Amino acid sequence: MRVITGTARGRRLKELEGMETRPTTDRVKEGLFSALQFDIEGRRVLDLFAGTGQLGIECLSRGATEAVFVDRRTDAVKLIRENLKVTELTDRARVVSADSMEFLKGLREKFDIIFLDPPYAAGLLEPAIAHIAKFDILNPHGIIMAEHPVERTMPALSAPYRLHKTYRYGKIAVTMYRRSGNEQNEE
């Protein structure tokens, strides 16, 4: 597992032992960042259910101003910190040891890009998406990237959120949600 491009390009990231954490595959990661490539620079990123931290680290490497990493596992939090040191991106990162859903419930800040990649069987993806939309924690023109099994259909959301597109990579899919701007308030 390596950083694809940017300031930390080619740096190898450490992975967690065991089967509890399932890192995003290279194929999915490359497709995901191909879809996001022009939306990262200067943005605030939330990597929820962060695992190894590879998605937020990739964003920092590509010019995101800040990334917040959240995971409930102590070993994952330690590993994210190690991966940030290896990539020399610690100065723009905050690592939070917490349950991701509890973190969302107490959140008082907004982000431009949110990555959601919970354990597939945990049933946390749809509640996380619903909470983000209900409490509107995405900035105008923000993006949610949700990784899930290809056979799972993601829910539609009400305005200002909309399901933009689902990308399929074999057995894995990534659904992109976009939040519109505040056009009605700007008139």
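Residues numbered from 1 in each chain as written. Predicted model: local features only at pLDDT ≥ 70, side-chain atom pairs only at ≥ 80, totals over all residues. Heavy atoms only, no water.

Participant: Outline the nonpolar core, listing residues and values.
Facilitator: Of all hydrophobic cores here, the largest spans 33 residues; its most connected members are Leu36, Phe69, Leu84, Phe115 and Met145. Taken together, the elements giving at least two residues each to this core come down to helix H1 (26-36), helix H2 (54-61), strand S2 (66-71), helix H3 (74-87), strand S4 (111-116), strand S5 (138-149), strand S6 (161-169) and strand S7 (172-179). Those residues in contact with methionine 145, other than ones at most four positions away along the chain, are Leu32, Leu36, Ile114, Phe115, Leu116, Val174, Thr175 and Met176. Leu104, Ile114, Leu125 and Ala133 belong to the second largest nonpolar core, which has 26 residues in total. (Core = buried A, V, L, I, M, F, W, Y, C linked by side-chain atoms within 4.5 Å. Buried < 20%, exposed > 50% of the residue type's maximum accessible area, 1.4 Å probe, protein only. Helix = DSSP H or I, 4+ residues; strand = E, 2+ residues; numbered from the N terminus. Contact = heavy atoms within 4.5 Å.)

Participant: Talk me through the packing of aromatic side chains; I want residue IDs and the actual numbers.
Facilitator: Under the defined criterion, the tally for this structure stands at 1 aromatic pair. Residues phenylalanine 33 and phenylalanine 115 carry aromatic rings whose centres are separated by 6.0 Å and whose planes lie at 45° to one another, so their mutual orientation is tilted. With phenylalanine 33 in helix H1 and phenylalanine 115 in strand S4, the pair connects residues that are 82 residues apart, well separated along the chain. On the basis of relative accessibility, which here comes to 1%, the residue phenylalanine 115 falls in the buried class. In this structure, arginine 44 packs its charged tip against the face of phenylalanine 111, placed 4.6 Å from the ring centre. One residue, arginine 179, lies across the ring of tyrosine 161, its end atom 5.9 Å from the ring centre. (Phe/Tyr/Trp six-rings, centres within 6.5 Å; stacked < 30°, edge-to-face > 60°. Lys NZ or Arg CZ within 6 Å of the ring centre and 35° of its normal.)

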